[in-house]
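Here are the chains, one letter per residue:
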Amino acid sequence: MMPVKRLTRMVVANTLRSRRHFVLSAFGIVIGIATFVVFLASTEQVGAVLEKIFPLDQVTVVAPRASLAGMDVSKKLDDKIVKTILERSEVKSALPRMSLVFPAAGRGDFEGNDLKFEVGGFADGIDPNVVDDDGRTKELFKDWDMDASDTKHRIACTPPPEPANGEIIQSPRARPKNYKPPEPKPVVPGGPVVEPEPEYFNECPDSDRYYCDGADRMCHHRVPIVMSPTMIELYNGQFAKSHGLPIADADFVKFVTQRGGLNAMRFSIGLGSTTIAGSNTSIKHKPRRLEGVLVGISTKAMPIGMTMPIGYIQRWNREFLGDEAASTYSSIIVTLKDKTQVAVFAQWLQDKLDLRLDDSLGEKFATVLFVIRLVLVLISLVIIGISAINIAHNFFMQVTERRRELGLLRAVGATQGDVRMVVLGEAGLIGLIGGVLGVGFGILLASAVDYASNHYLPRFPYKPATWFHFSWWIWTGGLVCAAGFAVLGGYLPARRASKMEPAQALTQN
Amino acid sequence: MAAKDSSPVVRLRDVTKAYGTGAAKAQVLRGVSFDIDKGELIALVGQSGSGKSTLLNVIGGLDKPDAGEVEVFGVDTQAASDAQLADLRNRKMGFVFQAFNLLDHLNVLGNVTLPAAFSHHTKQDEVDHRGREALRKVGLSDFAHRKPGELSGGQKQRVAIARALFGSPELLLCDEPTGSLDSDTGHEVIEFLRELNAKDGVTLLIVTHERRISSVAKRVIAMRDGMLVETTDEALAVAGKGGPK
């Protein structure tokens, strides 16, 4: 076999001498590889976004709803169940969640808007130790009321007066520096001068984090709350737009800092209250107000709602509904060591614990995406396959046109294998160059789509900054595929070239 | 027949070759037997279609006989592998064709050094040096970087000869080397080949219609209907019936 360096030199010289042949042969490869990498990169990116919304290695264990004579007899998700699940070999971790199971409402000021919202049904608690999305969130997201080191902040205070109409008041502000009380003035011009109601101020030190709780008339850290990226996406995509509010930055700490820090993220929570008139009549416990603060964004938070340290939820459920409510989890988020073990785990769960997995939209989407990816890859492979046939056709023509040259190579010492390698090398090089151009063309195409998306498509939840993710394996696969198919296309012509009788080839006119 | 002082460079025994099948079958070689000794300059003459070029190709391993024995430098070309034959052509033999067979996309030096592409034995510096040396021998030192399209017919044939000489072959097989050249240029080529034989001792087998080659040849082998007519006088007579005198 001829030396590789000399083979390479000959192949390069032969390939570059005929532009027409090169363009005819490489054109299909360029188009095929461009579609191949673009299809793969787009489905890769869509898959990544999908996995962000529905982590595929995570499943949610729930107890099937069951009732007997109007009584809820559903299986109870408790610590024992969590322990049993954790003993399974395929389970990496199990995170119990507890929902706030009685009505609660929130009220807060955001950018001058008086926002009222329902909290009951949209709040749950998790182990604070699992929230580690960023340093600041990790530091703030804990059960402060159970934190022994925080007792120094338990200072006696006077809570704000409760309004007579039972409405939840806004979280009171701290007394501003150089505060001047409003002057007494008549309510109507010329009427009697009326002394204005004195404004209540939060008198707790570190007022950006602490408030005066009405239950024990002591200062407490506001209940730390995290929200999911889905909430931020919904806020940015729908809420902010319709209410003329600012878009939340991807860097949430920066967003909060720009708005004056944690103080701007505080709000009141009325336990036992509701924004839906008449729906809390079954609650016997007297409503009470406390305060929460949004401390960060976490992928561990419930998708739609707010998540806080589980201790708060347990205490509130116990306070309002009793011990049973304080020891029953709403779901258990199980992370598996391998997402392919979902089926095995689900079967075990059903057979042994009489529990089931919550319907996994993510799995359905992933299946659909897999099928779409398969179809797109098949389409691009068909294009590349056709281009390989085109290469074969061009090379058959080339071999016929170059019979004399190939015969000469045999006359000066080329073996049949050398001639085959020269032709295959030319096909491979055309494939490789076509592959590089195809990948480049694909990236250009992707940039154009991204540009159009960023400039002309309206914002929507989870809209990615780019629709394509060109992993190393995609473009490497593109190049290998291009060269491979080209070599495949060149195989038969190369075989014919090598089998050619040199004596006859040399006499060709 | 010339006296043998060693084993022959080429040994042919009862070599036959036919093309086509059935009614279209043409017997091109009919039991050809002869030896070529080292240092000989042989002119192979005969009418068109008498089997001269086929015989040359069979000796060069570019074509395979149907039957008979062909030994070149002691190698049985019938039994030799493709790689052995290729190596033989690369290191021991050179070919010169009537149509020059230069590659237009390579320059003159590239054409001359083409055989080196299939050799493991030489480094690139040495390849270039030997290529230039071959060009010097044929008087084309200044044409190394020209393209074949820029050369005259005679110059092209000299480049082809330089390519054949590149590997310092012991046997040069020339198929109508002056066939595409005018008389003067043809004469120059003949003279060059004669000197090559006389000075460097290269064995030459030249298929030709050219009477002047026959006159400088040490031996003339004539072919008629695929058979040999070996005596020089008779061969010349046969040659006279065919190509130009």
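These numbers come from a predicted model, not from an experiment.

*Asks:* Looking at this structure, I do not really get the overall build of chain B. What am I missing?
*Replies:* Counting its regular elements, chain B contains 8 helices and 10 strands. Within chain B, buried positions represent 49% of all 245 residues. Put simply, 69% of the contacts in chain B that link residues at least 6 apart link residues at least 24 apart.

*Asks:* Explain the overall build of chain A here, please?
*Replies:* What chain A contains, in helices and strands, is 14 helices and 17 strands. Sorting the 509 residues of chain A into buried and exposed places 37% on the buried side.

*Asks:* What is the right way to read the packing of helix 2 (residues 19-53) of chain A against helix 12 (residues 416-456) of chain A from this model?
*Replies:* A pair of packed helices can be characterised by two numbers: the angle between their axes and the separation between those axes. Residue and element names in this part refer to chain A. Viewed as axis vectors pointing N to C, helix 2 and helix 12 meet at an angle of 45°, and their least axial separation amounts to 7 Å. It follows that helix 2 is oblique to helix 12 by the angle criterion. Considering only the axes of helix 2 and helix 12, their crossing is right-handed. Between helix 2 and helix 12, the residues in contact are Phe22, Ser25, Ala26, Ile29, Val30, Gly32, Ile33, Ala34, Val37, Val38 and Ala41 and Ile430, Gly431, Ile433, Gly434, Gly435, Leu437, Gly438, Val439, Phe441, Gly442, Leu445 and Ala446, respectively. Taken together, the residues of the contact of helix 2 with helix 12 break down into 16 nonpolar, 7 polar and no charged.

*Asks:* What is the right way to look at the sheet that holds strand 4 (residues 67-72) of chain B in this model?
*Replies:* Pairing between the strands of a sheet comes from backbone hydrogen bonds, and it takes one of two forms, parallel or antiparallel. Residues and elements named next belong to chain B. Taken in spatial order, the 4 strands make up an open sheet running 2-1-4-5, and their pairing is antiparallel. Whereas interior strands pair on both sides, the edge strands pair on one side only; in this sheet they are strand 2 (26-36) and strand 5 (75-76). In this structure, strand 4 lies alongside strand 5, joined through 2 bridges in antiparallel fashion. If you follow glutamate 71 over to strand 5, its bridge partner there is aspartate 76.

*Asks:* Whenever I open this one, the environment of proline 115 of chain B confuses me. Can you help?
*Replies:* Relative to the assigned elements, proline 115 of chain B resides in the loop between helix 3 (108-112) and helix 4 (124-137). Residues proline 115 of chain B and alanine 164 of chain B, 49 residues apart in the sequence, show an inter-C-alpha distance of 8.6 Å. Residues within four places of proline 115 of chain B in sequence aside, it is in contact with Val412 and Gly413 of chain A together with Asn90, Arg163, Phe166 and Gly167 of chain B.

*Asks:* Explanation requested: the interface of chain A and chain B in the structure shown.
*Replies:* Opposite the 21 residues of chain A that make contact, chain B presents 20 residues. Sorting the residues of the side of chain A that touches chain B by element identifies helix 1 (4-17), helix 11 (403-411), helix 12 and helix 14 (502-506) of chain A as the ones contributing at least two each. Take the side of chain A that touches chain B: its biggest share by element is 5 residues, from helix 11 of chain A.

*Asks:* Even after reading the chapter, I still don't get the pairing of strand 11 (residues 218-221) of chain A, so can you show me in this structure?
*Replies:* Note on strand geometry: in a regular strand, side chains alternate between the two faces of the sheet. Residues and elements named next belong to chain A. In the sheet, strand 10 (residues 210-213) pairs with strand 11 via 4 bridges, with the strands oriented antiparallel. Within strand 11, the position partnered with tyrosine 211 by the bridge is histidine 220. The turn linking strand 10 back onto strand 11 is made up of 4 residues, and arginine 217 within it adopts a positive phi angle of 55°.

*Asks:* Sorry, what's going on with the nonpolar core here?
*Replies:* Ranked by internal contacts, the top residues of the largest apolar core, which has 126 residues, are Ile33, Val37 and Ala486 of chain A together with Ile42, Leu44, Ala162 and Ile206 of chain B. What isoleucine 33 of chain A contacts, discounting residues up to four positions off in sequence, is Ile384, Gly434, Gly435, Gly438, Val439, Gly442, Gly478, Cys481 and Ala482 of chain A. Within the second largest apolar cluster, 47 residues are counted, among which are Ile81, Val101, Ile269 and Leu290 of chain A.

*Asks:* It is not clear to me how the environment of proline 229 of chain A should be interpreted in this structure. Could you clarify?
*Replies:* Residues and elements named next belong to chain A. Relative to the elements of secondary structure, proline 229 occurs in helix 5 (residues 229-243). For the pair formed by proline 229 and isoleucine 304, sequence separation is 75 residues and the distance between their alpha carbons is 9.5 Å. Each residue touching proline 229, except ones within four places of it in the same chain, is listed here: Lys52, Ile297 and Thr299.

*Asks:* So what exactly am I meant to see when it comes to the confidence of the model for chain A here?
*Replies:* For any part of a model where pLDDT is low, the fine detail of the predicted coordinates should not be relied upon. The pLDDT averaged across chain A works out to 87; a share of 96% of its residues lies at or above 70. Per-element confidence in chain A is highest for strand 15 (residues 306-309) of chain A, whose mean pLDDT is 96, and lowest for strand 3 (residues 71-72) of chain A, whose mean pLDDT is 74.

*Asks:* Looking at this structure, how should I read the sheet that holds strand 10 (residues 227-229) of chain B?
*Replies:* Residues and elements named next belong to chain B. Reading across from one edge, 6-7-8-3-9-10 is the order of the 6 strands in this open sheet, with mixed pairing throughout. The open sheet is flanked by strand 6 (93-97) and strand 10, the only strands paired with a single partner. For this sheet the average axis-to-axis angle between neighbouring strands, irrespective of direction, equals 20°. Pairing geometry for strand 6 and strand 7 (residues 171-175), over 5 bridges, is parallel.

*Asks:* Help me understand helix 1 of chain A, please; the structure alone is not making it clear to me.
*Replies:* An α-helix turns once per 3.6 residues; consequently, residues spaced three or four apart project the same way. Residue and element names in this part refer to chain A. For helix 1, which comprises 14 residues, the first-to-last C-alpha distance of 20 Å matches the rise-based estimate of 20 Å (1.5 Å per residue) to within 8%. Inspection of helix 1 places Met10, Val11, Asn14 and Thr15 among the buried residues, and these make up the whole buried set. Relative to the axis of helix 1, the buried residues are bounded by an arc of 130° and lie together on one face. Away from its buried face by more than 90 degrees, helix 1 exposes Lys5, Thr8 and Leu16.

*Asks:* When you look at unusual backbone geometry in this model, what are you seeing that I'm missing?
*Replies:* Among all residues save glycine, negative phi is the norm, and among peptide bonds the norm is trans. At glutamate 111 of chain A, a position not held by glycine, the phi torsion is positive, near 55°. For aspartate 14 of chain B, which is not glycine, the phi torsion reads 50° and is therefore positive.

*Asks:* When you look at the confidence of the model for chain B in this model, what are you seeing that I'm missing?
*Replies:* Residues and elements named next belong to chain B. Averaged over all residues, the pLDDT of chain B is 86; the fraction at 70 or higher stands at 91%. The secondary structure element of chain B with the lowest average pLDDT is helix 8 (residues 232-241), at 52, and the one with the highest is helix 3, at 95. With pLDDT under 50 throughout, residues 240-245 is counted as low confidence; its partners more than four residues away or in other chains account for 11 contacts.

*Asks:* Even after reading the chapter, I still don't get helix 4 of chain B, so can you show me in this structure?
*Replies:* Residue and element names in this part refer to chain B. Over its 14 residues, helix 4 extends 20 Å from the first C-alpha to the last, a length consistent with the 20 Å expected when each residue adds 1.5 Å. Taken residue by residue, helix 4 has Val127, Gly131, Ala134 and Leu135 as its buried positions. The buried residues of helix 4 all sit within an arc of 100° when viewed along its axis, so they share a single face. In this structure, helix 4 carries Asp125 and Glu126 as exposed residues pointing more than 90 degrees from its buried face. Looking at the buried side of helix 4, the elements it contacts are helix 3 and helix 5 (153-165). Note on helix 4: the residue one or two positions beyond its end, glycine 139, has a positive phi of about 75°.

*Asks:* What is the right way to look at the environment of lysine 185 of chain A in this model?
*Replies:* If you trace the backbone, lysine 185 of chain A turns up in strand 8 (residues 185-186). The class of lysine 185 of chain A is exposed, set by 11 C-beta atoms lying within 10 Å.

Thresholds applied
- Residues numbered from 1 in each chain as written.
- Chains lettered and ligands numbered in written order.
- Predicted model: local features only at pLDDT ≥ 70, side-chain atom pairs only at ≥ 80, totals over all residues.
- Helix = DSSP H or I, 4+ residues; strand = E, 2+ residues; numbered from the N terminus.
- Buried ≥ 20, exposed ≤ 12 C-beta atoms within 10 Å, placed from the backbone.
- Contact = placed C-beta atoms within 7 Å.
- Axes fitted to C-alpha atoms, helices over the stretch in contact; angles between N-to-C directions.
- Parallel < 35°, antiparallel > 145°, perpendicular 65-115°, else oblique.
- Left-handed = near helix turned anticlockwise from the far one by under 90°.
- Nonpolar A, V, L, I, M, F, W, Y, C, P; charged D, E, K, R; others polar.
- Pairing = 2+ DSSP bridges.
- Core = buried A, V, L, I, M, F, W, Y, C linked by C-beta atoms within 7 Å.
- pLDDT = per-residue confidence, 0-100.
- Expected span 1.5 Å × (residues − 1).
- Arc of directions from axis to C-beta.

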